[in-house]
Amino acid sequence: MRAIVVPEFGARPEPADMPKPAPGPGQVQIELEAAGVNPFDKRIIDGFLKDRMPHDFPMIPGVDGAGSISAVGAGVHDFQVGERVVGKFLIPPVGHGTFAEFIVVPVDSAIAKVPDEVTAIQAAALPTAGITALDLVHAAKLGKNQTVLVVGAAGGVGSYLVQLAALAGGHVIATARPDDTDRMIRLGAAEVVNYGRMTVTDSPTHAEASELSVADSVRITVPGGIDVLFDLVSPPTGFAGNLSVVRDGGVAFTTVGSADDAATAARGITGGNFQSSGGAAELRELLRHVGNGDLVVPIDATPPLEAAPDVIGASGARGKTVLVI
């Protein structure tokens, strides 16, 4: 089968022919149509999990994938050949991922049936980013009329998070580049803070241009502080600055490990460093939202499988990149 492989940690991915995997007992074989690309794929290739999980080489990367059941192993009754499915597959040993024509996974993994209203490309863009966003909304116990700041709103997780926070009834403030403002509003943001936004402070004799931070921009419209902060991109210093606009007793999460637990606890702020743990149930919830038209899948690019070496680890995407297999 066609696949993208990595011969060793840190190596550049490359196309290769690999053996087609066969399902064993309790497993299903999926013929993949599309595979979602995530920043985490590059981290896995670079060895982020080398001391935590076993790996097989040549390693096929890729965690998210959608396609159809092409074979089932002994004892499998919940899935039938021909059914459309999508899943989040980070299964030891790492190295048998979704950047290939076929994958074999256990039936008790994070796998869900895809409704007719959802395409394979939409489905493949959901698992990692969508589940992370949904887990954040659930963890924050987000309710109606809460003010929510999403820092890093333009990417895959952020694009879902803006929508899910708005669906939960939140007043969403999104950060984005100026030319992405309209898209953020369409996704449900009530306000958009532009990176690099400039203001002029003047006196009768003097005018000076200066750059407002995200926190300073938010204070202009929400002087009393926000209820919830979701920061998907900031390093510790940036997160600390954004934390300053969260009201005492509020909620603040970072997905990149930037929280100082002592600093949040001192102000009664809950949350901190966040790691998603959602699975099949959350994936089914997301698929229902997409099927009902309540959740837009933010697709930025759909290159072919062979283009994977050029798009894995690429930055600046506005939404999700999905490899077409």
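Our structure is the block above this text.
Residues numbered from 1 in each chain as written. Predicted model: local features only at pLDDT ≥ 70, side-chain atom pairs only at ≥ 80, totals over all residues. Heavy atoms only, no water.

A. Layout of the overall build of the protein chain. Counting its secondary structure elements, the protein chain contains 10 helices and 19 strands. Over its C-alpha trace the protein chain gives a radius of gyration of 21 Å, about what one expects of a compact globule, namely 20 Å for 325 residues. Each principal axis of the C-alpha atoms in the protein chain carries an extent, and together these give about 75 × 40 × 35 Å. In the protein chain, which comprises 325 residues, the proportion classed as buried is 50%. (Helix = DSSP H or I, 4+ residues; strand = E, 2+ residues; numbered from the N terminus. Rg over C-alpha atoms; globule rule 2.2 N^0.38 Å. Buried < 20%, exposed > 50% of the residue type's maximum accessible area, 1.4 Å probe, protein only.)

B. Broad picture of the pattern of salt bridges. Applying the stated criterion across every chain yields a total of 10 salt bridges. As a salt-bridge pair, Lys42 and Asp46 come within 2.7 Å of each other at their nearest N and O atoms. The partly exposed category is assigned to Lys42, whose relative accessible area is 34%. The class for Asp46 is partly exposed, based on a relative accessible area of 41%. (Salt bridge = Lys/Arg side-chain N within 4 Å of Asp/Glu carboxyl O.)

C. Region of the structure containing unusual backbone geometry. Following Phe57, the chain continues to Pro58 via a peptide bond in cis, the omega torsion being -5 degrees. Examined against the element boundaries, Pro58 turns out to sit in strand E4 (residues 55-60). Cis geometry marks the peptide bond from Pro92 to Pro93, where omega comes out at -5 degrees. Among the structural elements, Pro93 can be located in the loop between strand E6 (84-88) and strand E7 (94-96). With phi around 50 degrees, Lys141 is a residue other than glycine that occupies positive phi space.

D. Representation of the sheet that holds strand E15 (residues 226-231) within the structure. Sheet architecture is open: six strands sit in the order E12-E11-E10-E15-E16-E17, paired in parallel fashion. With partners counted over all chains shown, the strands left at the sheet margins are strand E12 (191-194) and strand E17 (270-273), one partner each. Pairs of neighbouring strands in the sheet enclose a mean axial angle of 20 degrees, with direction left out of account. Across four bridges, the pairing between strand E11 (residues 171-176) and E12 is parallel. Paired with Ile173 across the strands is Glu191, a residue of E12. The sheet strands contacting helix H6 (residues 214-221) are strand E10 (147-151), E11, E12 and E15, and the helix crosses E12 at an angle near 145 degrees. (Pairing = 2+ DSSP bridges. Axes fitted to C-alpha atoms, helices over the stretch in contact; angles between N-to-C directions. Contact = heavy atoms within 4.5 Å.)

E. Broad picture of H6. All buried positions along H6 are accounted for by Val214, Ala215, Ser217 and Val218. When H6 is viewed along its axis, its buried side chains cluster within an angular range of 160 degrees and face the same direction. Summarising the contacts, the buried residues of H6 are in contact with E10, E11, E12, E15 and helix H7 (236-243). (Arc of directions from axis to C-beta.)

F. Molecular detail of the packing of aromatic side chains. Scanning the model with the defined rule gives four aromatic pairs in all. Plain terms: the ring middles of Phe40 and Phe48 are 5.8 Å apart, the flat faces sit at 80 degrees to each other, and that makes the pair edge-to-face. Judged by its relative accessible area of 25%, Phe40 falls in the partly exposed class. Given a relative accessible area of 31%, Phe48 falls into the partly exposed group. (Phe/Tyr/Trp six-rings, centres within 6.5 Å; stacked < 30°, edge-to-face > 60°.)

G. Expanded view of the side chain of Asp231. When you line up the elements, Asp231 lands in strand E15. No salt bridge is formed by the buried Asp231, whose closest oppositely charged neighbour, Arg267, lies at an N-O distance of 12 Å. A distance of 3.1 Å separates a polar side-chain atom of Asp231 from the backbone nitrogen of Val233. Beyond its immediate sequence surroundings of up to four residues, Asp231 is in contact with Val151, Phe239, Asn242, Phe253, Thr254 and Thr255. (Lys, Arg positive; Asp, Glu negative; His and termini not counted. Polar contact = N/O pair within 3.5 Å; in protein donor to acceptor, adjacent residues only side chain to side chain.)

H. Spatial organisation of the side chain of Asp180. In this fold, Asp180 is placed in the loop between E11 and helix H5 (181-187). Here Asp180 is in contact with Ala154 and Arg318, once residues within four sequence places are set aside.

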